[in-house]
Amino acid sequence: MRNTAEPTIQQEILTAIRAAGRIIIHRHQRPDPDAIGSQVGLAEILRESFPTKEIYQVGETVEGLRFLAEMQTIDDALYQGALVIVTDTANSPRISDDRYPLGDQLIKIDHHPNDEPYGDLVWVDTKASSCSEMIASFALLFPEELTINATAARLLYGGIVGDTGRFLYPATTPRTLEIAAVLMSYPFDAGQLNRELEQMPMKVAKLSGYLYQHLEVDHNGAGRVLLSKELLTDYGIDDSETAAIVALPGVVDEVLAWGIFVQQPEGHYRVRLRSKGPVINELAKRHHGGGHPLASGANAKDLREVEEIYQEIQALCREYQQK
């Protein structure tokens, strides 16, 4: 029997939501489907459940994800007395819209390792496939107070699909599939949403061809591709659009772990790391990044650090193969 003298973190979050007249929801910069799905999915649940409250979703809008949701522009004054919730964001420097500390209370909801436990209330579940799964489970835990509508279900389903690689990644659990099944029972077109998440512009498809042609793989399965800023200009692509090709090396059977090194306009490199087995998030932390054991991000200041990171990927793959 649950000890009501010791409320769970979910109960504490619901209590804070009940008490707030205005709630502002943030997520991380350069959002993916899970960031937007969890952020706006939560916003839609709260709008449906508490129609007299003011609910806002803020942050930069990414052109390729407008089919999921749009962001709102609000004045600084609205933060006064507000409850601020940040979803799917491990580290505070990555929060989109730096006004998040201006509210009266801050809540962190995330499924990444809790390397920076910012906020007055922190709910982190690294066993969840996605933050969208956490938000859905939160609503399902309190069905008498929290209502999922079709809009929220679509967003949360899209977030789960995005972060599980369409249920292919190891983070997918029976609970993930159970929640996805519940969300699919709502009246939205899951097939259409899957197609929208899958499709890419022609220019990104052409860049995919470049990736496969220039994918470097060593004998232990360590892979890398370097995308210079000149190359991205030639293809008419910005950094956010390269997210669509990050998983592609994983379909090559010789590839075990890999990095995609994307040069930024300022000259440094954003590093997208993925793995089929070797744990890569500690590597990412050593290079100003972090993330999940098999999916992380890092940064390299120059080609010298790019080479250093690739050598570390090679070492991880070599050690993994020798086990």
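Residues numbered from 1 in each chain as written. Predicted model: local features only at pLDDT ≥ 70, side-chain atom pairs only at ≥ 80, totals over all residues. Heavy atoms only, no water.

Undergrad: Requested: an account of the overall build of the chain, with residues and values cited.
TA: Within the chain, the regular secondary structure consists of 10 helices and 11 strands. A compact globule built from 323 residues would reach a C-alpha radius of gyration of about 20 Å, and the chain, at 20 Å, matches this within 12%. Here the C-alpha coordinates of the chain stretch approximately 55 × 45 × 35 Å along the principal axes. By residue count, 53% of the 323 residues in the chain fall in the buried class. Counting contacts in the chain only where the partners sit at least 6 residues apart, residues at least 24 apart contribute 63% of the total. When the accessible area of the chain is evaluated, it comes to approximately 15000 Å², of which 50% is carbon and sulfur surface. (Helix = DSSP H or I, 4+ residues; strand = E, 2+ residues; numbered from the N terminus. Rg over C-alpha atoms; globule rule 2.2 N^0.38 Å. Buried < 20%, exposed > 50% of the residue type's maximum accessible area, 1.4 Å probe, protein only. Contact = heavy atoms within 4.5 Å. Areas by Shrake-Rupley, 256 points an atom, 1.4 Å probe, with all protein chains shown as cover.)

Undergrad: How would you sum up the packing of helix α3 (residues 131-141) against helix α5 (residues 174-184)? Please name residues and give values.
TA: At a minimum axis distance of 10 Å, the contact between α3 and α5 shows a crossing angle of 70 degrees. When the interaxial angle is binned, α3 and α5 end up roughly perpendicular. As for how α3 packs across α5, the hand of that crossing is left-handed. Facing α3, whose interface residues are Glu133, Ala136, Ser137 and Leu140, α5 presents Arg175, Thr176, Ile179, Val182 and Leu183. Class assignment for the residues of the contact of α3 with α5 results in 5 nonpolar, 2 polar and 2 charged. (Axes fitted to C-alpha atoms, helices over the stretch in contact; angles between N-to-C directions. Parallel < 35°, antiparallel > 145°, perpendicular 65-115°, else oblique. Left-handed = near helix turned anticlockwise from the far one by under 90°. Nonpolar A, V, L, I, M, F, W, Y, C, P; charged D, E, K, R; others polar.)

Undergrad: I'd like to hear about the side chain of Asp34, residue by residue, with values.
TA: With respect to the element layout, Asp34 can be found in helix α2 (residues 33-49). Although Asp34 is buried, it makes no salt bridge; Arg94 carries the closest opposite charge, 10 Å away. In terms of polar contacts, Asp34 uses its side chain to reach the side chain of His111, at 3.4 Å. At a separation of 2.9 Å, a polar atom in the side chain of Asp34 contacts the main-chain amide nitrogen of Cys131. Ignoring any residue separated from it by four or fewer positions in sequence, one finds Asp34 in contact with Asp88, His111, Ser130, Cys131, Ser132, Gly159 and Asp163. (Lys, Arg positive; Asp, Glu negative; His and termini not counted. Salt bridge = Lys/Arg side-chain N within 4 Å of Asp/Glu carboxyl O. Polar contact = N/O pair within 3.5 Å; in protein donor to acceptor, adjacent residues only side chain to side chain.)

Undergrad: Explain the UniProt feature "domain: DDH" (unreviewed entry) in the chain residue by residue, including any values.
TA: The feature "domain: DDH" (unreviewed entry), as annotated in UniProt, sits at residues 22-160 in this numbering. Secondary structure content for residues 22-160 is 28% helix and 17% strand, while the C-alpha to C-alpha distance between its ends is 27 Å. (UniProt positions renumbered as here; feature names shortened; annotations may be inferred.)

Undergrad: Mind laying out the packing of aromatic side chains, listing which residues take part and the relevant values?
TA: Under the counting rule described, the total for this entry stands at 5 aromatic pairs. Seen from their ring centres, Trp123 and Phe138 are 6.1 Å apart, and the 55 degrees between their planes marks the pair as tilted. Of this pair, Trp123 sits in strand β5 (residues 121-124) while Phe138 sits in helix α3, and the two are 15 residues apart along the sequence. When its relative accessible area of 7% is taken as the criterion, Trp123 is described as buried. Using a relative accessible area of 2% as the deciding quantity, one classes Phe138 as buried. Here Tyr157 and Phe167 contribute two aromatic rings whose centre-to-centre distance is 6.4 Å and whose plane-to-plane angle is 55 degrees, an arrangement assigned as tilted. Of the two residues, Tyr157 sits in helix α4 (residues 150-164) while Phe167 sits in the loop between α4 and α5, which places them 10 residues apart along the sequence. (Phe/Tyr/Trp six-rings, centres within 6.5 Å; stacked < 30°, edge-to-face > 60°.)

Undergrad: Mind laying out the pairing of strand β4 (residues 105-110), listing which residues take part and the relevant values?
TA: Burial analysis of β4 places 5 of its 6 residues in the buried class, the great majority of the element. Here 4 bridges tie β4 to β5, and the two strands are oriented parallel to one another. Opposite Lys108, over in β5, you have Val122 as the bridge partner. (Pairing = 2+ DSSP bridges.)

Undergrad: Please give an account of the sheet that holds strand β2 (residues 54-57) that cites residues and values.
TA: The strand order across the open sheet formed by 5 strands is β2-β1-β3-β4-β5, and the pairing between neighbours is parallel. Looking at the sheet topology across the chains shown, the edges are occupied by β2 and β5. The sheet shows a mean angle of 15 degrees between the axes of neighbouring strands, direction not considered. As defined by bridge partners, strand β1 (residues 22-26) adjoins β2 across 4 bridges and the pair is classed as parallel. Each bridged residue has a counterpart across the sheet, and for Arg22 the counterpart in β2 is Glu54. Of the strands in this sheet, β1, β3 (83-87), β4 and β5 touch helix α1 (residues 9-19), which is tilted by about 135 degrees from β5. Sheet contacts for α2: β1, β2 and β3; angle to β2, the most-contacted strand, approximately 170 degrees.

Undergrad: Describe in detail the environment of Ser185, supporting the description with residues and values.
TA: Along the chain, the position of Ser185 falls in the loop between α5 and α6 (190-198). Judged by relative accessible area, Ser185 falls into the exposed class, the value being 58%.

Undergrad: Provide a residue-level description of the environment of Ser92, including the pertinent values.
TA: Relative to the assigned elements, Ser92 resides in the loop between β3 and β4. Along the sequence, Ser92 and Pro117 sit 25 residues apart, while their C-alpha atoms lie 9.0 Å from each other. Leaving out residues up to four positions away in the same chain, Ser92 has contacts with Tyr100, Glu116 and Tyr118.

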